[in-house]
Amino acid sequence: MEPTAPTGDQVRQAPKVLLHDHLDGGLRPATVLELAREVGHTLPEGSDTDAATLGRWFAEAADSGSLVRYLETFDHTVGVMQTGPAITRVARECVEDLAADGVVYAEIRYAPEQHVSAGLTLDEVVAAVREGFEQGTAAAEAAGHRIVVRQLLTAMRHQARSMEIAELAVAWRDRGVAGFDIAGAEAGYPPTRHLDAFEYLQRENAHFTIHAGEAFGLPSIWQALQWCGADRLGHGVRIVDDITVHDDGSVELGRLAQYVRDKRIPLEMCPASNIQTGAAASIAEHPIGLLTKLRFRVTVNTDNRLMSGTSMTAEMSSLVEAFDYGLADLRWFTINAMKSAFLPFDERLAIIDGVIKPGYAALGV
Ligand SMILES: O=c1[nH]cnc2c1ncn2[C@H]1C[C@H](O)[C@@H](CO)O1
Ligand SMILES: [Zn+2]
């Protein structure tokens, strides 16, 4: 704990690492408006007068207390991301926005299968994102920000294309794709539905994370780890259901929670998103506080910057406020995340030693 809370400017300046951010959940409202007009996509009535109104519409519509209803808002982002140029633009702006927010490394995920309705092939979708990330990285560099970005390819858990998407991730592994994920409504769609894809990835020595323990509890986390072999957990908040805090303050971990902590399984926590979907009641009551205290491998993430009206700086700042974290704690989250990235070990180390540590040292920690 530090004597004074870091200012918003310090949090923005501090190097940050983002492992869980959806490309189709991070569009600028103004871009959604422009692209919708270009392609003739109809936005909800009353939402499309200006960018600020549309931004508010997304935040309010996503603030439903239900993951399923939260996910409905994606119709209006995926709907405008169906051509190569539109996808490239969104990808470029994503990198520019993250870099301006002080993010030095990011893994950005999206589901290629959701971007083929106007005739693009899966490969063309991945190529369009890659082009946008390259443009965005160059633009950020020109603006004085150094950022490294990789793609994670997501398969939708209610669909049946996970094997195909896993193969796509392997095919593109040396061209900007660092791993694989499954997302979408969790209840009723357990990760074991996609076991063949996960087994294939393991045989290919590939990395993957699984959205688990967000809208559904421990069985989902257990399957993700012990049946599917996930390297990381998307959210994983419900691991607290396996932790008992007694009245005298002593803490007891169940076997699964103990395993997650012992094996240093990274938890991709997304506090603002969890409040919108009802996975947590408030930031102050979010399990991230307890999990951090217990030294789980906690990372801080945005999930969907548009739907949650958030950023890495905003997420970190809300934790500073709720839990009195100082810059040393933010550095701990950041190094946790960098250690957990799907980047080769030597590249992770180079960013920790060459970017993150000096960046925090410059801020006095
Ligand atoms: O928090 C989430 N949980 C489950 N699925 C999600 C979440 N955020 C976004 N998605 C879905 C909606 C997107 O269209 C898809 C791919 O990015 O992933
Ligand atoms: Zn997510």
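Please read these numbers as outputs of a predicted model, since none were measured by experiment.

Visitor: Talk me through the pattern of salt bridges; I want residue IDs and the actual numbers.
Guide: Applying the stated rule across the entire model yields 18 salt bridges. The partner of R28 in a salt bridge is D97, with the nearest N and O atoms 2.8 Å apart. Taken together, the positions of R28 in the loop between β1 (16-22) and α2 (29-39) and D97 in helix α6 (residues 84-100) put the pair 69 residues apart, joining distant regions of the chain. For E268, the salt bridge identified is with R109, shortest N-O distance 3.0 Å. In this pair, E268 is assigned in strand β9 (residues 267-269) and R109 in strand β2 (residues 103-110), connecting sequence segments 159 residues apart. Summarising the burial analysis for this pair, E268 and R109 share the class buried.

Visitor: For the UniProt feature "site: Important for catalytic activity" (unreviewed entry) in the protein chain, give the residues involved together with the corresponding values.
Guide: As recorded in UniProt, the sites labelled "site: Important for catalytic activity" (unreviewed entry) are H235. Position of H235 relative to the elements: it lies in strand β6 (residues 232-235). With residues up to four places along the chain from it excluded, the contact list for H235 reads H20, H211, A212, G213, E214, L267, E268, M269, C270, S273, N274 and D303. For H235, the side chain forms a polar contact with the side chain of E214, separated by 3.2 Å.

Visitor: An account of the site of ligand 1 is requested, with residue identities and associated values reported.
Guide: For ligand 1, the set of nearby residues contains 16 residues, the closest of which are H22, D24, Q114, E214 and D303. The side chain of N304 places a nitrogen or oxygen atom 3.0 Å from a nitrogen atom of ligand 1. When ligand 1 sits alone it has 400 Å² of accessible area, and the protein chains cover 99% of it. Its residues assigned to classes, the shell around ligand 1 shows seven nonpolar, six polar and three charged.

Visitor: With reference to specific residues and values, describe the sheet that holds strand β10 (residues 298-300).
Guide: The pairing of strands in a sheet happens through backbone hydrogen bonds and is either parallel or antiparallel. The sheet built from four strands is open, its strands ordered β5-β6-β9-β10 with parallel pairing. A strand with exactly one partner marks an edge of an open sheet, and here the two such strands are β5 (209-212) and β10. With direction set aside, neighbouring strand axes in the sheet form an average angle of 30°. Across two bridges, the pairing between β6 and β9 is parallel. Bridging from a neighbouring strand, L233 pairs with L267 of β9.

Visitor: Tell me what's going on with the pairing of strand β4 (residues 177-183), and back it up with residues and numbers.
Guide: It is a general feature of regular strands that their side chains alternate between the two faces of the sheet. Among the seven residues in β4, seven count as buried, and that is most of the element. Across six bridges, the pairing between strand β3 (residues 148-156) and β4 is parallel. Paired with T154 across the strands is D181, a residue of β4. For the segment spanning β3, helix α8 (residues 162-171) and β4, crossover handedness is right-handed.

Visitor: Break down α8 for me, citing the residues and quoting the values.
Guide: Where α8 is concerned, the buried positions are S162, I165, A166, L168, A169 and V170. Elements in contact with the buried residues of α8: α7 (122-142), β3, β4 and α9 (195-203).

Visitor: Requested: an account of the coordination of the zinc ion (ligand 2), with residues and values cited.
Guide: The coordination sphere of the zinc ion (ligand 2) contains the protein donors H20 (NE2), H22 (NE2), H211 (NE2) and D303 (OD), at a distance range of 2.1 to 2.2 Å. Geometry at the zinc ion (ligand 2) is irregular, judged from the four donor atoms that bind it and their angles of 84 to 171° at the metal. Each donor residue of the zinc ion (ligand 2) belongs to the same chain, with the gaps between them written as H-x1-H-x188-H-x91-D. With respect to class, H20 is no different from H22; both count as buried.

Visitor: Got a sec to walk through the packing of helix α14 (residues 312-323) against helix α15 (residues 327-339)? Specific residues and values, please.
Guide: Between two packed helices, what matters for the description is the angle formed by their axes and the separation of those axes. Between α14 and α15, the least distance of the axes is 11 Å, while the angle of their chain directions is 135°. Relative to α15, the element α14 lies oblique. Considering how the two elements wind past one another, α14 and α15 form a crossing that is right-handed. Counting all contacts with α14, which are made through M316, L319 and V320, the residues of α15 involved are L330, F333 and T334. Per-class residue counts for the contact of α14 with α15 are five nonpolar, one polar and no charged.

Visitor: Kindly report on the packing of aromatic side chains, identifying the contributing residues and their values.
Guide: Enumeration over the complete set of coordinates arrives at eight aromatic pairs. Members of the aromatic cluster, connected to one another through ring pairs, are F323, Y325, W332 and F333. The side chain of R175 reaches across the aromatic face of W172, ending 3.8 Å from its centre. Here the guanidinium or amino end of R232 rests over the ring plane of F342, the centre of that ring lying 3.8 Å away.

Visitor: Give a detailed account of the UniProt feature "active site" (unreviewed entry) in the protein chain, specifying residues and quantitative values.
Guide: Under the UniProt annotation, "active site" (unreviewed entry) lies at E214. Summarising the element assignment, E214 is placed in the loop between β5 and α10 (218-227). Setting aside its immediate chain neighbours within four residues, E214 contacts L67, E186, H235, V237, R238, S273, N274, T277, A279 and D303.

So, how was this worked out
- Residues numbered from 1 in each chain as written.
- Chains lettered and ligands numbered in written order.
- Predicted model: local features only at pLDDT ≥ 70, side-chain atom pairs only at ≥ 80, totals over all residues.
- Heavy atoms only, no water.
- Salt bridge = Lys/Arg side-chain N within 4 Å of Asp/Glu carboxyl O.
- Helix = DSSP H or I, 4+ residues; strand = E, 2+ residues; numbered from the N terminus.
- Buried < 20%, exposed > 50% of the residue type's maximum accessible area, 1.4 Å probe, protein only.
- UniProt positions renumbered as here; feature names shortened; annotations may be inferred.
- Contact = heavy atoms within 4.5 Å.
- Polar contact = N/O pair within 3.5 Å; in protein donor to acceptor, adjacent residues only side chain to side chain.
- Near = heavy atom within 4 Å.
- Areas by Shrake-Rupley, 256 points an atom, 1.4 Å probe, with all protein chains shown as cover.
- Nonpolar A, V, L, I, M, F, W, Y, C, P; charged D, E, K, R; others polar.
- Pairing = 2+ DSSP bridges.
- Axes fitted to C-alpha atoms, helices over the stretch in contact; angles between N-to-C directions.
- Right-handed = clockwise from strand over helix to strand, strands pointing away.
- Donors = N, O, S within 2.8 Å, 3.2 Å for Na, K, Ca; no water.
- Tetrahedral: all angles 85-135°; square planar, octahedral: opposite > 155°, others 65-115°.
- Parallel < 35°, antiparallel > 145°, perpendicular 65-115°, else oblique.
- Left-handed = near helix turned anticlockwise from the far one by under 90°.
- Phe/Tyr/Trp six-rings, centres within 6.5 Å; stacked < 30°, edge-to-face > 60°.
- Lys NZ or Arg CZ within 6 Å of the ring centre and 35° of its normal.

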